[in-house]
Amino acid sequence: MFNTKITPLALVIASLSAPASANLIISEYVEGGGYNKAIEIYNTSSAAISLDGYTLNLFSNKNVSATSSEDLTGSIAANSTYVIVTSDSRAVDELKNKADLFSSAVNFNGDDALTLTLDNNVVDSFGQIGADGVWSNGGVTTKDKTLRRKSDITSGRTDATSAFDPSEQWLQFDKDDFSGLGFHGENNQPEPEPEPEPVTPLECGAAKTLINAIQGEGGDSPVLNTEVELEGVVTADFQGAEQLSGFFITSLDADVDTNPLTSEGVFVYFADTDVNVGDHVRVKGSVAEYFNATQIGDVSQVEVCATGLTTTATKISLPVTDVADLEAYEGMLVTLEQPLVVTNNYGLGRYGEVDLATERLYQGTQIALPGDAANAVEAENSKKQILLDDGSTKQNLDPIAYPGTGLDAYNTLRLGDTVNTVTGVLGYSFDRYRIHPTVQPTFVATNPRTEAPELHADADLRIASFNVLNYFNGDGQGAGFPTSRGADSEAEFIRQQAKIVSAIVALEADVIGLMEIENDGFDEFSAIASLVTALNDEDSVNDYAFVDFNVNQIGTDQITTALIYRANKVVEVGNAAITTQAPFDYSNRAPIAQSFKSLTTDEVFTVAVAHLKSKGSCGSADGNNADLGDGQACWNEIRVAGANAYADWLNTAPTGVDDEDIILVGDMNAYAMEDPIRAFADKGFKNVVAELDGNTLGYSYSFSGRLGSLDHAVASPSLLTKVVAATDWHINADEPISLDYNVEFKSAAQQVSLYASDAYRASDHDPVIVDIKSAVAEQPIPEPQAPVLTPEQSFSVLENSAIGTVIGQLEFTDADAQYTPVVEFIVQGHNAITINQQGQLIVAGDLDFEFERKITLMVQAKDSAGNLSNAQLVYININNDKSDDDDDSGSLFWLTLLALPLTLLRRKKA
């Protein structure tokens, strides 16, 4: 669970008041490989101790406030231990089997501090809060090691802000050594190290295992867990402390095989012997699979055989036929000489990662129907992408790796920007193939920032939608931070508010629907009042106001929707309306609506705001609300119910204003082709941006490298006819999250350089903007034109087809169908075929191949003004139904003769 943050001052005070006889200490610390993390707590007393009131707190990345906490429960018996293991399922079973508790608070690296508190008093600590870097001294380090508390330590270290020397109270053991977990005492002493065996130098050019034999044709190495000696040329050096702690090598020219499925490169996890790019090296170590990537680990020796060699990068390209095809290049120096587009920059600042692809990639359900079609889109997406990684294992580097000139508030790297060549070594980790560049890539700003769209020349009203990403203003008087969401401090709030105000002022919208604003009513200290005050302070030209719904809060959620408007442009009419009836009693936020009148044109219209149930927290979803694997994620049924109920509610004129012009804006948490958006359309509320664009390629949000629209404006038919422009303003979805208002995970310099009080990355959702012309201009009625039939059309039908069977669709055009549509088709020549008003040819009588194999019709189209097309011949071929044939040709002959009079009679009647 996550708790209120603990400040450094509080920790100092707590340490002074902590009981001197506290009986719990942190007795073991496991900072192992991958996700192998654990903490052991020991009861030093001779009596059981209740854990109620004790909390384990994690301070990540030199944060001075706890980033994660776990309240402990239960008890620890006398002289016994309590083991807390990371809740990440990727930890090894050997470690998980020792757990008394799994916790997300046990998710640290070697530079993160921990405290154990009792009723907020520090009883023990590990590391130094606020300090940067791994703690190392006296042969003991906190990175990639298991540390056990010395047996003579029986009381905790209560000053968590003082300098931390791990060698004073801790003994060091090997990485991923879990043998001491679950007990504490005399067995926690390290085994004496034996005298090292004399090392025989490696012999360059001696018999060796080839790299392609180590890699093999499949995912796992065929010689896994085997000690080998191999040789190759260093292609990439990432031995630095903040890097991958190793280097990549490629096969010597003479060792390359002819099998395209075997890679000629491999990663060597070793940094003790310094190597350089171009070195010919011989390596002795064991073949391992580290998170499904083949590497050489447990390296005992590296010998540099020669220097100054050159290697040529292997050309690869995207898309691949199958993602698994990249396995043949794992560990190799590769180059992609093709334009690639930035599709994901979310991990740029934190992890030095950027997703690249052959094109901008969309969520499957943004451009295809849920189910097989959407899943097929995603299957193709995965073949078009590669991850660019900075080759570092350290988070939050300063400077940030990309773009090469340095990321800052004004030099951004946006989704849609491009790079024309990428060269580096191909690695694999965290289920992704990734390139660690050996040549700094050059990015091109092909998707530059834009100013807010100018009002359409014909428009006199602008309506917008904006998700303000948890705008919480504390107590409204400069205090009350941190809140449950949003800014952690007043300083952060000032940064957040400045960006949001810049964006809203630039929108120049007359009415704006907001999502994710604090649900704290409408008094002078409320969040909505705070925002409107800030807007008026910034914009001296306009007079901003908010719709007051006269309640302490709307619904029960911490966040709500809201309406603000420019009182110098529009005025409220009718009654501000809300409803908390099902399905808005939980999950979907309570709907709000208000009607307005333009002060310029007297146009009356209603604006409503929606925020449907999110796609997250799927664990509690069941039935049709569970993730059904169709691309719509979980809670889809609730969102569909919300869409239908919202449309029905709006059609009751809840504001008391009976006007057909209605627009609903908001965060629907559904992409353009998903069920909720189609449910709105079925109720008459069409997706405005998609209607004007003629496609669903617009987007307001980016998630996991996929674009889509979660934010929509849907309008009634009458209002839709008055829309002259609609768009998403891409100030947020395309920008790196590092440029937002938050100060976490940023150095002191970055807190300045990455921030600007402009609109860019004010939120994570883009605003939707809709321009409206109050009066619809009359369209000139064209001169009447006759319909045109395509000449000599031919169709086929099976004999004995049932009456009412549709044979086909007649091809015709009608240039003025909007005014005088086709109302009738005049048919001559046969009464067994008719043509309906839509031009469908329909069986109207018996059809028999034996008696009539082709019907010829003369057809004319007639429109509502009485205009007739030219008469055209239409042919219907009657096909034999062989299943009705009789093998007895003689009998068939006599039946034919008997039926001849009937045939003659039918033809005479026709």
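Residues numbered from 1 in each chain as written. Predicted model: local features only at pLDDT ≥ 70, side-chain atom pairs only at ≥ 80, totals over all residues. Heavy atoms only, no water.

Visitor: An account of the overall build of the protein is needed here, citing residue identities and associated values.
Guide: On a plain count of helices and strands, the protein comes out with 15 helices and 51 strands. Its C-alpha atoms give the protein principal-axis dimensions of roughly 115 × 80 × 55 Å. Within the protein, the fraction of its 910 residues that count as buried is 52%. Considering only contacts within the protein whose residues lie at least 6 apart along the sequence, 72% involve residues at least 24 apart. When the accessible surface of the protein is summed, it comes to about 39800 Å², and 49% of that surface belongs to carbon and sulfur atoms. Here the protein contributes 53 positive and 132 negative side-chain charges, whose respective centroids are spaced 3 Å apart. (Helix = DSSP H or I, 4+ residues; strand = E, 2+ residues; numbered from the N terminus. Buried < 20%, exposed > 50% of the residue type's maximum accessible area, 1.4 Å probe, protein only. Contact = heavy atoms within 4.5 Å. Areas by Shrake-Rupley, 256 points an atom, 1.4 Å probe, with all protein chains shown as cover. Lys, Arg positive; Asp, Glu negative; His and termini not counted. Charge placed at Lys NZ, Arg CZ, Asp CG, Glu CD.)

Visitor: Talk me through helix 7 (residues 372–383); I want residue IDs and the actual numbers.
Guide: In a regular helix each residue adds 1.5 Å, so 12 residues correspond to 16 Å; helix 7 covers 17 Å between its end C-alpha atoms and thus fits that length. Within helix 7 the residues assigned to the buried category are Ala374, Val377, Asn381 and Lys383. Those residues of helix 7 that are buried lie in contact with helix 6 (364–367), strand 24 (385–389) and strand 39 (706–708). (Expected span 1.5 Å × (residues − 1).)

Visitor: So what about the sheet that holds strand 37 (residues 686–687)? Which residues, and what values?
Guide: Pairing within the open sheet is mixed, and its 6 strands lie in the order 33-34-35-36-40-37. The open sheet has two edge strands with one neighbour each: strand 33 (570–578) and strand 37. Summarising the sheet, strand 34 (residues 592–598) and strand 35 (residues 604–611) pair through 6 bridges and their orientation is antiparallel. Residue Ile592 lies in a different strand from strand 35, and its bridge partner there is Val609. (Pairing = 2+ DSSP bridges.)

Visitor: Could you give an account of the packing of aromatic side chains, naming the residues involved and the relevant values?
Guide: The description of an aromatic ring pair uses the distance of the two centres, along with the angle that the planes make with each other. With the rule as written, the count across this model stands at 22 aromatic pairs. Measuring from centroid to centroid gives 4.8 Å for Tyr290 and Phe291, while their planes differ by 85°, and the two rings are edge-to-face. Judged by relative accessible area, which is 40%, Tyr290 ranks as partly exposed. Taking the relative accessible area as the measure of exposure, Phe291 reaches 29% and is therefore partly exposed. (Phe/Tyr/Trp six-rings, centres within 6.5 Å; stacked < 30°, edge-to-face > 60°.)

Visitor: Lay out the state of the cysteines with the relevant residues and their values.
Guide: According to the stated counting rule, one finds 2 disulfides in the structure shown. Residue Cys204 pairs covalently with Cys305 via a disulfide, S to S 2.0 Å. Given an S-S torsion of about -85°, the disulfide between Cys204 and Cys305 has left-handed geometry. On the criterion of sequence distance, the pair formed by Cys204 in the loop between strand 14 (170–173) and helix 4 (211–215) and Cys305 in strand 19 (residues 293–306) is long-range, its members being 101 residues apart. For Cys204, a relative accessible area of 33% puts it in the partly exposed group. (Disulfide = S-S within 2.5 Å.)

Visitor: An account of the nonpolar core is requested, with residue identities and associated values reported.
Guide: Counting 65 residues, the largest nonpolar core has Phe466, Ile504, Ile512, Leu514, Ile517, Leu531 and Ile663 as its most contacted members. For Leu514, the contacting residues outside a window of four places in its chain are Phe466, Val468, Ile504, Ile528, Leu531, Thr560, Thr561, Ala562, Ile564 and Val609. Core analysis: the next-biggest nonpolar cluster, separate from the first, contains 33 residues, Ala293, Leu326, Leu413 and Tyr433 among them. (Core = buried A, V, L, I, M, F, W, Y, C linked by side-chain atoms within 4.5 Å.)

Visitor: Tell me about the packing of helix 10 (residues 636–650) against helix 11 (residues 675–682), and please be specific about residues and values.
Guide: Here helix 10 crosses helix 11 at 20°, and the two axes come no closer than 8 Å. Relative to helix 11, helix 10 is oriented roughly parallel. Crossing of helix 10 against helix 11: the hand is right-handed. Side by side, helix 10 and helix 11 meet where Asn636, Arg639, Val640, Ala643, Asn644, Tyr646 and Ala647 of the first sit next to Asp675, Pro676, Ala679 and Phe680 of the second. Residues of the contact of helix 10 with helix 11, tallied by class, amount to 7 nonpolar, 2 polar and 2 charged. (Axes fitted to C-alpha atoms, helices over the stretch in contact; angles between N-to-C directions. Parallel < 35°, antiparallel > 145°, perpendicular 65-115°, else oblique. Left-handed = near helix turned anticlockwise from the far one by under 90°. Nonpolar A, V, L, I, M, F, W, Y, C, P; charged D, E, K, R; others polar.)

Visitor: Go over the environment of Ala207 with me, naming the residues and quoting the values.
Guide: With respect to the helices and strands, Ala207 occurs in the loop between strand 14 and helix 4. Given a relative accessible area of 73%, Ala207 falls into the exposed group. With 22 residues separating them along the chain, Ala207 and Glu229 place their C-alpha atoms 8.1 Å apart.

Visitor: I'd like a rundown of the pattern of salt bridges, residues and numbers included.
Guide: For the structure on display, the rule yields 32 salt bridges. A salt bridge links Arg432 to Asp355, with the shortest nitrogen-to-oxygen separation between them at 2.5 Å. Of this pair, Arg432 sits in strand 27 (residues 432–437) while Asp355 sits in strand 23 (residues 353–357), and the two are 77 residues apart along the sequence. Among the ionic pairs, Arg360 bridges to Asp734, the shortest N-O distance being 2.9 Å. With Arg360 in the loop between strand 23 and helix 6 and Asp734 in the loop between strand 41 (723–728) and helix 14 (748–753), this residue pair connects regions lying 374 residues apart in the sequence. Owing to a relative accessible area of 22%, Arg360 belongs among the partly exposed residues under this scheme. Look at Asp734 and you get buried, because its relative accessible area is 0%. (Salt bridge = Lys/Arg side-chain N within 4 Å of Asp/Glu carboxyl O.)

Visitor: Can you break down the confidence of the model for the protein residue by residue, with the values?
Guide: Model confidence for the protein is summarised by a mean pLDDT of 91, while 93% of its residues fall at 70 or above. The low-confidence segment residues 1–21 (pLDDT under 50) makes 35 contacts with residues lying over four places distant or belonging to another chain. Low confidence marks residues 887–910, where pLDDT is under 50. Its contacts with residues over four positions away, or in another chain, come to 4 contacts. (pLDDT = per-residue confidence, 0-100.)

Visitor: Provide a residue-level description of unusual backbone geometry, including the pertinent values.
Guide: For the peptide bond that leads from Leu318 to Pro319, omega is 0°, which places it in the cis range. Mapping Pro319 onto the fold places it in the loop between strand 20 (314–315) and strand 21 (333–336). With an omega dihedral of 0°, the bond running from Phe481 to Pro482 counts as a cis peptide bond. Structurally, Pro482 can be placed in the loop between strand 29 (461–471) and helix 8 (490–507). One non-glycine residue, Phe430, lies in the positive phi region at around 50°. By the secondary structure assignment, Phe430 is in the loop between strand 26 (422–429) and strand 27.

Visitor: Lay out helix 9 (residues 527–538) with the relevant residues and their values.
Guide: Here helix 9 is 12 residues long and its end C-alpha atoms lie 17 Å apart, about the 16 Å a rise of 1.5 Å per residue gives. Of the residues making up helix 9, those classed as buried are Ala527, Ile528, Ala529, Ser530, Leu531, Val532, Ala534 and Leu535. Residues of helix 9 that are buried in the fold lie against strand 29, helix 8, strand 30 (511–518), strand 31 (544–546) and strand 32 (559–566).

Visitor: Would you mind going over the side chain of His280 in detail, with residue names and values included?
Guide: By the secondary structure assignment, His280 is in strand 18 (residues 280–290). For His280, a relative accessible area of 13% gives the class buried. Leave out the neighbours within four places in its chain, and His280 touches Glu231, Gly232, Val233, Leu252, Glu303, Val304, Cys305, Ala306 and Leu309.

Visitor: Can you lay out the pairing of strand 9 (residues 113–118) for me, pointing to particular residues and giving the numbers?
Guide: For strand 9, a buried count of 5 out of 6 residues is recorded, marking the element as mostly surrounded by other parts of the structure. One ladder, built from 5 bridges, connects strand 9 with strand 10 (residues 121–126); its direction is antiparallel. Note that in strand 10 the partner of Leu114 across the bridge is Phe126. Counting the residues between successive antiparallel strands, the hairpin from strand 9 to strand 10 contains 2 residues, one of them, Asp119, with a positive phi of roughly 50°.

Visitor: So, the packing of helix 8 against helix 9: which residues are in play, and what are the values?
Guide: Where helix 8 meets helix 9, the axes come as close as 10 Å, and the angle between the chain directions of the two elements is 65°. Here the hand of the crossing between helix 8 and helix 9 comes out right-handed. Along the contact surface, helix 8 presents Phe493, Gln497, Ile500, Val501, Ile504 and Val505, while helix 9 presents Ser530, Leu531, Ala534, Leu535 and Glu538. When its residues are assigned to classes, the contact of helix 8 with helix 9 shows 8 nonpolar, 2 polar and 1 charged.

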